[in-house]
Amino acid sequence: MDAYVDKLRAADRVILATPMHNFGLPAPVKAWFDAVIQKDRTWTVRDGQYEGWLTGHKALVLYTSAGQYEEEPGSYDLLTPTVRQLFGFMGFQEVDVVAGQGAAADPDTVEQRLAAACGRIDGVLARWRA
């Protein structure tokens, strides 16, 4: 776990790619978060408030899903708010999520949706380079 934390602390940008499983994170990805969210390594408590230590860090989360889900109240997309909360807890100030969704929902538009997702990825990376 310490090696994972050391790598995370050394990187100011993180790209996490994962499938969506049952509307959320697969167990190995959740286990990675559980390994790196360590008190006094990636966060602490100061004056009774949680404080993430990884301020200035940015994350890009890429995920795929067979269904098409939108992030909104009542959505089946539990992955997006979870990764934003977990990275945010550690102090990440920017967490972008790009989804390649809907291969099973509408196979005829897969190529257009993937092209749109690639465009969003390019936009995030361009912002990171700026």
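Residues numbered from 1 in each chain as written. Predicted model: local features only at pLDDT ≥ 70, side-chain atom pairs only at ≥ 80, totals over all residues. Heavy atoms only, no water.

Visitor: Is there a simple way to think about the pairing of strand 3 (residues 49-52) in this case?
Guide: Bridge count for strand 2 (residues 43-46) against strand 3 is four bridges, and the pairing is antiparallel. Residue pairing for strand 3: T44 is matched across the bridge by E51. From the end of strand 2 to the start of strand 3, which pair antiparallel, there are two residues, and D47 there has a positive phi angle of about 55°. (Pairing = 2+ DSSP bridges. Helix = DSSP H or I, 4+ residues; strand = E, 2+ residues; numbered from the N terminus.)

Visitor: Teacher, can you tell me more about the packing of aromatic side chains here?
Guide: Using the criterion set out here, one finds ten aromatic pairs in the structure. Centre to centre, the rings of F33 and F87 are 5.0 Å apart; their planes meet at 75°, and the pair counts as edge-to-face. Of this pair, F33 sits in helix 2 (residues 27-36) while F87 sits in helix 3 (residues 79-89); the two residues are 54 residues apart in sequence, bridging distant segments of the chain. Here F87 and F92 contribute two aromatic rings whose centre-to-centre distance is 4.7 Å and whose plane-to-plane angle is 55°, an arrangement assigned as tilted. For F87, a relative accessible area of 0% gives the class buried. By way of ring pairs, the aromatic residues W32, F33, F87 and F92 are connected into one cluster. The lysine or arginine in question, R13, covers the ring of W128, its NZ or CZ lying 5.8 Å from the ring centre. (Phe/Tyr/Trp six-rings, centres within 6.5 Å; stacked < 30°, edge-to-face > 60°. Buried < 20%, exposed > 50% of the residue type's maximum accessible area, 1.4 Å probe, protein only. Lys NZ or Arg CZ within 6 Å of the ring centre and 35° of its normal.)

Visitor: Honestly, the nonpolar core in this entry has me stumped. Any pointers?
Guide: One recurring pattern in soluble globular proteins: nonpolar side chains tend to sit buried together. Counting residues in each nonpolar core, the largest one holds 23 residues, and the members touching the most others are F33, V61, V83, F87, M90 and F92. Those elements giving two or more residues to this core turn out to be helix 1 (2-10), strand 1 (13-19), helix 2, strand 4 (58-65), helix 3 and strand 5 (94-101). No other element matches the four residues that helix 3 contributes to this core. Excluding anything up to four places from it in sequence, V61 contacts L16, L79, V83, F87, V95, D96, V97 and V98. (Core = buried A, V, L, I, M, F, W, Y, C linked by side-chain atoms within 4.5 Å. Contact = heavy atoms within 4.5 Å.)

Visitor: Whenever I open this one, the pairing of strand 5 confuses me. Can you help?
Guide: If a strand is regular, its side chains alternate between the two faces of the sheet. The buried count for strand 5 comes to eight of eight residues, which makes it a mostly enclosed element. The two faces of strand 5 match: E94, D96, V98 and G100 on one face and V95, V97, A99 and Q101 on the other face are all buried. As paired elements, strand 4 and strand 5 share eight bridges and run parallel to each other. Directly across from K58, in strand 5, lies its bridge partner E94.

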